Amino acid sequence: MYKRQNEYTAMIENQSNDLRKFKHDYANIIKIIGYYIDLGDTNRLKAFYKEELFPQSEKIITKNMSFTKLQNIKINPLKVFISSKINIAEKRNIGVHIEIEDDITEISIGLIDLCRIIGVFFDNAIEAAELCQEKFIDFVVIKEEDNVSFIISNSCLESTPPVHSLYKKDFSTKGNNRGIGLKSVMNIIHKNYSNVFLNTTIENCIFKQEFIIYRSK
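Report follows, based on the coordinates. (Residues numbered from 1 in each chain as written. Predicted model: local features only at pLDDT ≥ 70, side-chain atom pairs only at ≥ 80, totals over all residues. Heavy atoms only, no water.)

1. Examining the overall build of the protein chain
Then step 1. Scanning the protein chain for helices and strands turns up six helices and five strands.
Then step 2. Along its sequence from the N terminus, the protein chain presents helices and strands in the succession α-α-α-β-α-β-β-α-α-β-β.
Then step 3. Once local pairs closer than 6 in sequence are excluded, the contacts in the protein chain between residues at least 24 apart make up 67%.
Then step 4. Here the protein chain displays about 13,300 Å² of accessible surface, and carbon together with sulfur accounts for 52% of that area. (Helix = DSSP H or I, 4+ residues; strand = E, 2+ residues; numbered from the N terminus. Contact = heavy atoms within 4.5 Å. Areas by Shrake-Rupley, 256 points an atom, 1.4 Å probe, with all protein chains shown as cover.)

Encoded structure:
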């Protein structure tokens, strides 16, 4: 957890540096815009906006929005853990989209077990997306009256094995003795919890894990 906390802190510092750099460049940006206006060169002004200014600002805004949405996870160790996984994905040039609309304050499952399960899902998503031409991970958390759903979707190759194969003991697409991730997830669920539901699907080169945790009565 100490390691994850350091990674979380580093992610915040990186985002702050991006914003600081953008603010530092603001004066130069205004000068360039003013220069093109003075020349009356609208073509070069449009090119500057489309090719340089907009892509850079969009990148910073998107990263900042992702970080803001993670704030809705009020369970700090879980937020730190997920942030570290997202940071790893972004360092590998994988686009990460986050949707968390409601505050997540409590979950009816052990925190360590939840981090282990979410960790397996993210690790697999990162490794699969990294092999694709279009690299992306979508992370959605939905809070309803009696349950909380964690949904992780990622791009995957067309040759990805069928779902039933992935959950077999020792099965792995990554080499010998590495097929313990998804099998360990099922072991955790079957051994400790009757209030959770896991649905795994592969469709149109998108691998999706929907993990639903029902409120304990």
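2. Examining the packing of aromatic side chains
Then step 1. The full count for this structure, using the stated rule, is five aromatic pairs.
Then step 2. Arranged with centres 5.7 Å apart and planes meeting at 55°, the rings of Y35 and Y36 form a pair that is tilted.
Then step 3. Judged by its relative accessible area of 14%, Y36 is buried.
Then step 4. With 6.3 Å between their ring centres and 75° between their planes, F121 and F211 make a pair best called edge-to-face. Separated by 90 residues along the polypeptide, F121 in helix α4 (residues 111–130) and F211 in strand β5 (residues 206–214) bring together distant segments of the chain. By the burial criterion, F121 is buried, and F211 matches it.
Then step 5. Taken together, the aromatic side chains of Y35, Y36 and F48 make up a single cluster linked through ring pairs. (Phe/Tyr/Trp six-rings, centres within 6.5 Å; stacked < 30°, edge-to-face > 60°. Buried < 20%, exposed > 50% of the residue type's maximum accessible area, 1.4 Å probe, protein only.)

3. Overview of the packing of α4 against helix α6 (residues 181–192)
Then step 1. Close contact between α4 and α6 brings their axes to 9 Å; oriented N to C, the two are set at 155°. Judged by the inter-axis angle, α4 sits roughly antiparallel to α6. Handedness of the crossing formed by α4 with α6: left-handed. The residues of α6 that touch α4, namely those facing D113, R116, I117, V120, F121 and N124, are G181, L182, S184, V185, I188, I189 and N192. (Axes fitted to C-alpha atoms, helices over the stretch in contact; angles between N-to-C directions. Parallel < 35°, antiparallel > 145°, perpendicular 65-115°, else oblique. Left-handed = near helix turned anticlockwise from the far one by under 90°.)

4. Some thoughts on the sheet that holds strand β1 (residues 95–100)
Then step 1. In spatial order, the strands read β1-β2-β3-β5-β4; together these five strands make up an open sheet with mixed pairing. In this open sheet, the two strands that pair with only one neighbour each are β1 and β4 (196–203). For this sheet the average axis-to-axis angle between neighbouring strands, irrespective of direction, equals 10°.
Then step 2. As paired strands, strand β2 (residues 136–143) and strand β3 (residues 147–155) are joined by seven bridges and run antiparallel to one another. Pairing of K143 across the sheet is with V148, part of β3.
Then step 3. In this fold helix α3 (residues 76–91) packs onto β1, β2 and β3, with an angle of close to 155° to the strand it touches most, β1. (Pairing = 2+ DSSP bridges.)

5. Considerations on the environment of R215
Then step 1. Positionally, R215 belongs in the segment after β5.
Then step 2. Each C-alpha atom, one on R215 and one on V196, is 9.0 Å from the other, the two residues being 19 residues apart in sequence.
Then step 3. Leaving out residues up to four positions away in the same chain, R215 has contacts with S108, E145, D146 and N147.
Then step 4. Only 3.0 Å separates the side chain of R215 from the backbone oxygen of E145, close enough to count as a polar contact. (Polar contact = N/O pair within 3.5 Å; in protein donor to acceptor, adjacent residues only side chain to side chain.)

6. Side note on the pattern of salt bridges
Then step 1. Under the definition given, this model contains four salt bridges.
Then step 2. Put simply, R44 and D41 hold a salt bridge, and the shortest N to O gap is 3.8 Å.
Then step 3. The residue E130 makes a salt bridge to R92 at a minimum N-O spacing of 3.4 Å. Of this pair, E130 sits in helix α4 while R92 is found in the loop between α3 and β1, placing the two residues 38 residues apart along the sequence.
Then step 4. We classify E130 as partly exposed; its relative accessible area is 33%. (Salt bridge = Lys/Arg side-chain N within 4 Å of Asp/Glu carboxyl O.)

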